[in-house]
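Geometric and topological summary
Each chain, written out:
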Amino acid sequence: MADTVQYYMERMVPELEELEKKGYFSDVEIKSIVKKRTNFEYAMNRRIAKKIDFLRSIEYEINLEALRKKRKKRITVIDGKVGTSEYSINRRIFHLFKRATNKFKGDLSLWIQYIEFAKKNDAQNILSGIFAQAIQFHPNKPSLWILASSWEFEDNANMGAARLLLQRGLRLNPDQTSLWHEYFRLELLYVEKIKARRRILGIDEKSEEQQKGDMEIDDEEEQKDDNMIQLPKITGEDLNNDSDAVNQLKEKTADALKEGMNPILQGLLATIVYKNAIAAHPDNLDFRTAFIDIYRTFTDTEKGCDLVYDSIRQDMNDNPHARTYLATRHLFTKPNDANNESKYISITNPSFVVALKASVDEFNLSVKELCVPLMWQLYLEFLIQWRKLISEENLKLYLTKLLQRTFTSCQKKDCLSEEIYKLWIDLLVDQDEITQAQSKAKEATKKYPHCPALWLARISLAQKEDGNDQPQMILFKQALENLPSSYDLWASYDDFLQRLSEENTLTSEEVNDLYLDACQRVTYLLPSVMTATEERNHIKDLILSNYIKWSADVCGIEAARMAYKKVIQSMYPTIQFYKTCLEVENTYGQGGQDGQNKVEYLFEMAVRMENSKEDTYLSYLSYLYSQKKFQKANTIYWKASKEVLDKATFDLRFQDIKNGTVFNVFAL
């Protein structure tokens, strides 16, 4: 390794001497540079190379070059010859990048940094080789193909090479949608560039029309001026007899020069790319709509957008989301008016009403041809969305009436799904039609008794009768019988019990009985009913833990202790429950010997759990050390050392406790 380092350092001698001779760095600074580079070389040539060593060396050289450039500007008297000092540091940076990428060929981020540095320094000759090597090692990374193509098109103005790179990338990665989109964008950029050049040269159709108009005006002005000699008009016969060049210009060639007749300028290549793309991804709606978004960033692309719309209609006519996209397209801004803020027409625009009516008409046709619940749901969501955004009273009333008719039509077609019922109930509530909303919620829960959202909507609409909450209590009972596995329902029921206690609607004894009943029900939920054991434990943690918190807050610490002992003895709590109990003891406990005994009892029960043994034991030991119970701590440590899986790690963490690092003992 020393020989390699010496070899690299000896190669630096001429450039370092010139840097000192030019006055960029002093003798002391040159020695510092040598020392730094030597250390970096030893680090980079170690047996097991690390990427960070190369990056640190590169960063140092970049900063060094920036300093050299600053000092060069301040130096007035300098040798006019361009020596190696002008490029030696950059050359070393490129050399370091090359060594790094040879060592870490699989690191894509390193290649990207290499490319970005070469671009920044305008190293066009080197970039070609860098891209070739990077793509050779990472042929399946679309970002590299896109970067290489962009460089060829933007920096080298080589459209052929840019197109070829993306074509090769697509042959190797036909499933990469980003490559298809970028190839499509490239063809549109090429056409846009040609159009811009034609406008600058004044040979586009608009410029020609304007020039013809100007010539006619000039002719009229000339004819009106009596002081000027009137030139004779050239007839077609004169032109045929006089100019051989015009005769040689064929009609097809003349038409091809016109922008409106040239298929390339009309986006033919982009159309071909799009057709090949959808052949590779025939069922991906988002993939197709992304082409519309690309089209909208260019001018005069209405025909291209229509082509995409037609292909979606033809290939995805049975897809509700596709039909929705086609219906809402009327509200899109024109491609040449699109901006980054919104793709929809402003509601203050006079054309908005016409566009909205067109969308509604197409939605009506869609639900007629594709009469499925999802199609109706998407239509209703569309109407609800715009109803919320619109503030004009007449238009808002129109959408409200339309929503009511649509819900009714959907019901007649027997297409009311759970989601549509929820939308209908929300609309009725928004219109303060509570009685109808209650009726609709009751109807919905009968049709879909296993939908938590519908039960929650019905419960929230239940009105108090005679100053009690019996209607809601009954509904909660029915809902939990149908859906014992719903976390949302149990969370809502817990909030309901808390509210009953806060409003003194029920006595603390009655609420306690309801909580105990709930605790027993969540304890004995059958795993076959649950989607997962973890979800069942979440429900248990919620109800059992909140029961203990409520007991401590309302009835005091002694009641909470009685409650958690009862739960521990018969309801098989999880580790989260013991954490809650310890937090309650920390918050409401009075300390003293009795309080310490209760905390130790909870820790003793918690360490019996199969999970989190190491953390639980460490919290227990930390608590014992905080109470200066060293003898008991030694006993617990001896017990823990036999049960933890990784004793070495456990001993290291326990040593921190002995050294004074205290864990949060009330957070297992």
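Residues numbered from 1 in each chain as written. Predicted model: local features only at pLDDT ≥ 70, side-chain atom pairs only at ≥ 80, totals over all residues. Heavy atoms only, no water.

**What to know about the overall build of the chain**
In terms of regular secondary structure, the chain is built from 34 helices and zero strands. Counting across all 668 residues of the chain, residues that qualify as buried make up 42%. At a minimum sequence separation of 6, the contacts of the chain that also span at least 24 residues come to 63%. (Helix = DSSP H or I, 4+ residues; strand = E, 2+ residues; numbered from the N terminus. Buried < 20%, exposed > 50% of the residue type's maximum accessible area, 1.4 Å probe, protein only. Contact = heavy atoms within 4.5 Å.)

**Considerations on a negative patch on the surface**
A cluster of acidic side chains, namely E509, E510, D513 and D517, defines a negative patch on the protein surface. Tracing the backbone through its elements, the reader meets D517 in helix 27 (residues 508-523). With a relative accessible area of 36%, D517 lands in the partly exposed category. (Patch = residues over 30% accessible without salt bridge, like charges linked within 9 Å, V, L, I, M, F, W, Y side chains within 5 Å. Areas by Shrake-Rupley, 256 points an atom, 1.4 Å probe, with all protein chains shown as cover. Salt bridge = Lys/Arg side-chain N within 4 Å of Asp/Glu carboxyl O. Lys, Arg positive; Asp, Glu negative; His and termini not counted. Charge placed at Lys NZ, Arg CZ, Asp CG, Glu CD.)

**Considerations on unusual backbone geometry**
Despite not being glycine, A157 has its phi angle at roughly 55°, a positive value. Mapped onto the elements, A157 comes out in the loop between helix 8 (142-154) and helix 9 (159-172). The backbone of K628 shows a phi angle near 60°, a positive value even though the residue is not glycine. Along the chain, K628 turns up in the loop between helix 32 (613-626) and helix 33 (630-643). Its relative accessible area of 63% is what places K628 among the exposed residues.

**A word on the side chain of S486**
For S486, the location among the structural elements is in the loop between helix 25 (470-482) and helix 26 (487-502). Using a relative accessible area of 7% as the deciding quantity, one classes S486 as buried. The contacts of S486, once residues within four sequence positions are left out, are P452 and I539.

**What to know about the state of the cysteines**
Each disulfide consists of a covalent bond between the sulfur atoms of two cysteine residues. Enumeration over the complete set of coordinates arrives at zero disulfides. Cysteine C415 shares no disulfide, and the gap to the nearest cysteine sulfur, in C371, comes to 3.8 Å. By relative accessible area, which is 5% here, C415 ends up buried. (Disulfide = S-S within 2.5 Å.)

**Some thoughts on the packing of aromatic side chains**
Pairs of aromatic rings are described using the distance from one ring centre to the other and the angle between the two planes. Counting across every chain of the model gives 35 aromatic pairs. Aromatic side chains Y421 and Y448 sit 6.1 Å apart centroid to centroid with 70° between the ring planes, which places their arrangement in the edge-to-face category. Of this pair, Y421 sits in helix 22 (residues 418-430) while Y448 sits in the loop between helix 23 (434-447) and helix 24 (452-461), and the two are 27 residues apart along the sequence. Accessibility expressed as a relative area gives 2% for Y421, which makes it buried. Joined through ring pairs, the aromatic side chains of F94, F97, W111, Y114, F117 and F137 make up one cluster. Over the ring of Y309 we find R329, and its NZ or CZ is 5.3 Å from the ring centre. (Phe/Tyr/Trp six-rings, centres within 6.5 Å; stacked < 30°, edge-to-face > 60°. Lys NZ or Arg CZ within 6 Å of the ring centre and 35° of its normal.)

**Some details on a positive patch on the surface**
On the surface, K69, K70, K73, R74 and K120 cluster together into a patch of positive charge. The greatest single-element share of the positive patch, amounting to four residues, is contributed by helix 4 (residues 51-74). Tracing the backbone through its elements, the reader meets K73 in helix 4. Take K73: its relative accessible area is 75%, and that puts it in the exposed class.

**A few points about the pattern of salt bridges**
According to the stated counting rule, one finds 35 salt bridges in the structure shown. The partner of E443 in a salt bridge is K440, with the nearest N and O atoms 3.4 Å apart. On the criterion of helical spacing, the pair formed by E443 and K440 is a turn pair, its members being three residues apart in helix 23. Judged by relative accessible area, E443 falls into the partly exposed class, the value being 26%. D594 is the partner of R561 in a salt bridge, and the nearest nitrogen-oxygen pair spans 3.2 Å. In this pair, R561 sits in helix 29 (residues 557-570) while D594 sits in helix 31 (residues 592-606), placing the two residues 33 residues apart along the sequence. Classification of R561 as buried rests on a relative accessible area of 5%. A relative accessible area of 39% places D594 in the partly exposed class.

**Section: helix 8**
Helix length check: helix 8, at 13 residues, gives a terminal C-alpha distance of 18 Å against a target of 18 Å (1.5 Å per residue), a fit within 8%. The set of residues buried in helix 8 consists of P142, L144, W145, L147, A148, S149, W151, E152 and F153. Residues of helix 8 that are buried make contact with helix 6 (108-120), helix 7 (124-137), helix 9 and helix 10 (177-201). (Expected span 1.5 Å × (residues − 1).)

**Looking at the confidence of the model for the chain**
Chain-level statistics for the chain give a pLDDT mean of 85 and a share of 85% at 70 or above. Here residues 222-239 is a poorly scored stretch, pLDDT under 50, and it has six contacts once near neighbours within four places are set aside; other chains count. Confidence drops under pLDDT 50 across residues 245-250; counting only partners more than four residues distant or on other chains, this segment forms two contacts. (pLDDT = per-residue confidence, 0-100.)

**Concerning the environment of L397**
If you trace the backbone, L397 turns up in helix 21 (residues 393-412). Using a relative accessible area of 49% as the deciding quantity, one classes L397 as partly exposed. Once the C-alpha coordinates of L397 and R387 are considered, the two residues, ten residues apart in sequence, prove to be 8.6 Å apart.

**Here we look at the packing of helix 22 against helix 24**
Two measures define how a pair of helices packs: the angle their axes make with one another and the distance between the axes. Between helix 22 and helix 24, the least distance of the axes is 10 Å, while the angle of their chain directions is 20°. One way to sum up the angle between helix 22 and helix 24 is to call them roughly parallel. For the pair helix 22 and helix 24, the crossing hand works out as left-handed. In this structure, helix 22 uses E418, Y421, K422, I425 and V429 to contact helix 24, whose residues at the interface are A453, L454, A457 and L461. For the contact of helix 22 with helix 24, a count of residues per class yields seven nonpolar, no polar and two charged. (Axes fitted to C-alpha atoms, helices over the stretch in contact; angles between N-to-C directions. Parallel < 35°, antiparallel > 145°, perpendicular 65-115°, else oblique. Left-handed = near helix turned anticlockwise from the far one by under 90°. Nonpolar A, V, L, I, M, F, W, Y, C, P; charged D, E, K, R; others polar.)

**Topic: the packing of helix 8 against helix 10**
Where helix 8 meets helix 10, the closest approach of the two axes is 10 Å, and the angle between their N-to-C directions is 10°. In terms of orientation, helix 8 and helix 10 fall into the roughly parallel class. From helix 8, P142, W145, I146, S149 and F153 reach across to helix 10, where they touch S178, L179, E182, L186, L189, Y190 and K193. Residue composition of the contact of helix 8 with helix 10, by class: eight nonpolar, two polar and two charged.

**Focus: the side chain of H181**
Here H181 shows up in helix 10. Not counting chain neighbours up to four residues away, the residues in contact with H181 comprise F287, A290, F291 and I294.

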